[in-house]
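Chain residues, written in single-letter form:
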Amino acid sequence: QVQLVESGGGLVQAGGSLRLSCAASGRTFGSLHVSWFRQAPGKEREFVTTISPGGTPYTADSVKGRFTISRDNAKNTVYLQMNSLKPEDTAVYYCAVARYRYTTSNAYDNWGQGTQVTVSS
């Protein structure tokens, strides 16, 4: 099993930036796809972006061009750089791991606890 801990969330004004981190424990991390999801109150958990073991990203249209995912397998960490933030980006952000590039939340068993991102107008 892989244990995941998200960090880096906070309160920013629209147009600002944040960098989230997903720190993992477990020797299989380097062979797994890592994804970011977000969930706003009253909404379903939404796919944001994912990265393959080799570093190939796939990103949802809603954040493409503003968010960038990266990974450092030596540190067992995945990052989410968020630029040009909008109020609609406000949500709890979660990371998750899987053997394949899934984009639906019900395909994942292992989740972190999430980190809150709030973007003010």
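Further up the page is the structure itself.
In this report, we go over the structure that sits alongside the text. Note that the coordinates shown come from a computational prediction; the quantities given were computed from them, not determined experimentally.

## Some remarks on the sheet that holds strand E3 (residues 18-25)
Then step 1. Taken in spatial order, the 4 strands line up as E1-E3-E8-E7 in an open sheet, and their pairing is antiparallel. Looking at which strands have only one partner, the edges of the open sheet turn out to be strand E1 (3-7) and strand E7 (67-72). For this sheet, the mean inter-axis angle between neighbouring strands, taken without regard to orientation, is 15°.
Then step 2. Of the pairings in the sheet, the one linking E3 to strand E8 (residues 77-82) comprises 6 bridges and is antiparallel in character. Across the sheet, the residue bridging to arginine 19 is glutamine 81, located in E8.

## Here's the deal with the state of the cysteines
Note on terminology: disulfide describes a covalent bond linking the sulfur atoms of two cysteines.
Then step 1. Within this structure, the stated rule accounts for 1 disulfide.
Then step 2. Disulfide partner of cysteine 22: cysteine 95, at an S-S distance of 2.1 Å. Here cysteine 22 and cysteine 95 share a disulfide; its torsion about the S-S bond, 70°, makes the bridge right-handed. With a gap of 73 residues between them, cysteine 22 in strand E3 and cysteine 95 in strand E9 (residues 91-98) connect regions that are remote in the sequence.
Then step 3. Cysteine 95 gets classed as buried once you look at its relative accessible area, which sits at 0%.

## A closer look at the pairing of E3
Regular strands have side chains that alternate between both faces of the sheet.
Then step 1. Of the strand pairs in this sheet, E1 and E3 are connected by 5 bridges, and their pairing is antiparallel. Residue pairing across strands places leucine 4 opposite alanine 24, the latter belonging to E3.

## Quick notes on the pattern of salt bridges
Then step 1. In the structure shown here, the tally under the stated rule is 4 salt bridges.
Then step 2. Salt-bridge contacts for arginine 38 lead to aspartate 89; the nearest nitrogen and oxygen are separated by 2.9 Å. Taken as a pair, arginine 38 in strand E4 (residues 33-39) and aspartate 89 in the loop between E8 and E9 lie far apart in primary sequence, 51 residues in all.
Then step 3. One salt bridge in this structure joins aspartate 61 and lysine 64, with 3.1 Å as the shortest N-O distance.
Then step 4. Salt bridges sharing common partners tie together Arg38, Glu46, Arg66 and Asp89.

## Here's the deal with the nonpolar core
Side chains of nonpolar character tend, in soluble globular proteins, to be buried together.
Then step 1. Within the largest apolar cluster, 27 residues are counted, with the highest numbers of intra-cluster contacts made by Trp36, Phe67, Val78, Met82 and Tyr93.
Then step 2. Secondary-structure elements contributing two or more residues to this core are E3, E4, strand E5 (46-51), E7, E8, E9 and strand E11 (115-120).
Then step 3. Apart from residues lying up to four places away in sequence, valine 78 is in contact with Leu20, Ser21, Cys22, Phe29, Val34, Trp36, Ile51, Ile69, Ser70 and Arg71.
Then step 4. In this structure, Ala60, Ala96, Ala98 and Tyr108 belong to the second largest nonpolar core, which totals 6 residues.

## Topic: the environment of serine 35
Then step 1. Note that serine 35 resides in strand E4.
Then step 2. Judged by relative accessible area, which is 0%, serine 35 ranks as buried.
Then step 3. C-alpha separation for the pair serine 35 and alanine 96, spaced 61 residues apart in sequence, amounts to 5.3 Å.
Then step 4. Leave out the neighbours within four places in its chain, and serine 35 touches Phe47, Thr49, Thr50, Tyr94, Cys95, Ala96, Tyr102 and Tyr108.
Then step 5. Engagement of the side chain of serine 35 in a polar contact is seen with the side chain of tyrosine 108, the distance being 2.7 Å.

Rules behind the numbers
Residues numbered from 1 in each chain as written. Predicted model: local features only at pLDDT ≥ 70, side-chain atom pairs only at ≥ 80, totals over all residues. Heavy atoms only, no water. Pairing = 2+ DSSP bridges. Helix = DSSP H or I, 4+ residues; strand = E, 2+ residues; numbered from the N terminus. Axes fitted to C-alpha atoms, helices over the stretch in contact; angles between N-to-C directions. Disulfide = S-S within 2.5 Å. Buried < 20%, exposed > 50% of the residue type's maximum accessible area, 1.4 Å probe, protein only. Salt bridge = Lys/Arg side-chain N within 4 Å of Asp/Glu carboxyl O. Core = buried A, V, L, I, M, F, W, Y, C linked by side-chain atoms within 4.5 Å. Contact = heavy atoms within 4.5 Å. Polar contact = N/O pair within 3.5 Å; in protein donor to acceptor, adjacent residues only side chain to side chain.

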